[in-house]
Amino acid sequence: MDSRNANARNILIVHGPNLNLLGTREPEIYGGVTLQDINRNLSGLTENTSAKLDFFQSNAESALIERVQQAMSDGTDFIIINPAAYTHSSIALRDALAAVKIPFIEVHLSNIYSRESFRQHSYFSDLAIGVISGLGAKGYELALEYALASH
Ligand code: DQA
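Residues numbered from 1 in each chain as written. Predicted model: local features only at pLDDT ≥ 70, side-chain atom pairs only at ≥ 80, totals over all residues. Heavy atoms only, no water.

## Topic: the side chain of Ser90
Right, so step 1: Looking at the secondary structure, you find Ser90 in the loop between strand 3 (78-82) and helix 4 (91-100).
Right, so step 2: Separated by 2.5 Å, the side chains of Ser90 and Glu61 make a polar contact.
Right, so step 3: Ignoring anything within four residues of it in the chain, the contact list for Ser90 reads Glu61, Tyr123 and Phe124. (Helix = DSSP H or I, 4+ residues; strand = E, 2+ residues; numbered from the N terminus. Polar contact = N/O pair within 3.5 Å; in protein donor to acceptor, adjacent residues only side chain to side chain. Contact = heavy atoms within 4.5 Å.)

## Describing the packing of helix 2 (residues 35-45) against helix 5 (residues 138-149)
Right, so step 1: For the pair helix 2 and helix 5, the least separation of the axes is 10 Å and the interaxial angle reads 30°. Between helix 2 and helix 5, the angle falls in the class roughly parallel. Along this stretch, helix 2 crosses helix 5, giving a crossing that reads as right-handed. Facing Ile38, Asn41, Leu42 and Leu45 of helix 2, the residues of helix 5 in contact are Tyr140, Glu141 and Leu144. (Axes fitted to C-alpha atoms, helices over the stretch in contact; angles between N-to-C directions. Parallel < 35°, antiparallel > 145°, perpendicular 65-115°, else oblique. Left-handed = near helix turned anticlockwise from the far one by under 90°.)

## Some thoughts on the pairing of strand 4 (residues 104-108)
Right, so step 1: A large share of strand 4 lies buried, amounting to five of its five residues.
Right, so step 2: Because side chains alternate across strand 4, one face comprises the buried residues Phe104, Glu106 and His108, and the other comprises Ile105 and Val107, equally buried.
Right, so step 3: Bridging between strand 3 and strand 4 involves three bridges; their strand directions are parallel. Note on strand 4: the bridge partner recorded for Ile81 is Glu106.
Right, so step 4: The pairing of strand 4 with strand 5 (residues 130-133) spans four bridges and is parallel. Bridging across to strand 5, His108 finds its partner in Ser133. (Buried < 20%, exposed > 50% of the residue type's maximum accessible area, 1.4 Å probe, protein only. Pairing = 2+ DSSP bridges.)

## Here's the deal with the site of the ligand
Right, so step 1: Taken together, Arg25, Tyr30, Asn82, Ala84, Ala85, His88, His108, Leu109, Ser110, Ile112, Arg115 and Arg119 are the residues near the ligand.
Right, so step 2: One of the side-chain N or O atoms of Arg25 is found 3.0 Å from an oxygen atom in the ligand.
Right, so step 3: Contact with the protein chains covers 99% of the free accessible surface of the ligand, which is 320 Å².
Right, so step 4: By residue class, the composition of the shell around the ligand is five nonpolar, four polar and three charged. (Near = heavy atom within 4 Å. Areas by Shrake-Rupley, 256 points an atom, 1.4 Å probe, with all protein chains shown as cover. Nonpolar A, V, L, I, M, F, W, Y, C, P; charged D, E, K, R; others polar.)

## Thoughts on the pattern of salt bridges
Right, so step 1: Taken as a whole, this structure holds seven salt bridges when the rule is applied.
Right, so step 2: A salt bridge links Asp74 to Arg67, with the nearest nitrogen and oxygen atoms 3.1 Å apart.
Right, so step 3: Given the relative accessible area of 7%, Arg67 is considered buried.
Right, so step 4: Here the residues in one salt-bridge network are Asp54, Arg67 and Asp74, joined through shared partners. (Salt bridge = Lys/Arg side-chain N within 4 Å of Asp/Glu carboxyl O.)

## A closer look at the environment of Gly75
Right, so step 1: Take Gly75: it is sitting in the loop between helix 3 (61-70) and strand 3.
Right, so step 2: Taking the C-alpha atoms as reference points, Gly75 and Arg115, separated by 40 residues in sequence, lie 36 Å from one another.

## Quick notes on helix 3
Right, so step 1: Along helix 3, the residues that are buried comprise Leu64, Ile65, Arg67 and Val68. Buried residues along helix 3 cover an arc of 160° about the axis, so they all sit on one side. (Arc of directions from axis to C-beta.)

This is the structure:
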């Protein structure tokens, strides 16, 4: 990654429910990579930069909301979030992101627009800087590249 774009930057990566099961969970939809693989890969991409990544996964809506709220006071500059199933249901997590006013990218491994109709609405997309959906684990890399370059 181009380290010219990577001054000190604190990036929070938030993974929603069931993403802890990646690797074994419906691999035909989500691929074979584990969450640990994804996080390790992202860490590797920032190795020669001064960016600091913080990873958080929870299956609980309240824990995700609390982590986002904490970002308001812990120096987080940018959030990359896959809200997973909460994408389609959580006004509360949306409100947390709106409240902290930290720019974020919404990432989905699968293309939510080519799946069931209930997945085709996101409570986050209109607040997000951008949405990456359907590119598998590569989507996180692209979001990180943007975050590192976006200041
Ligand atoms: C997902 C898509 C959601 O609809 C689903 O509930 C997930 C994962 C994705 O990354 O493709 O858990 O966010």
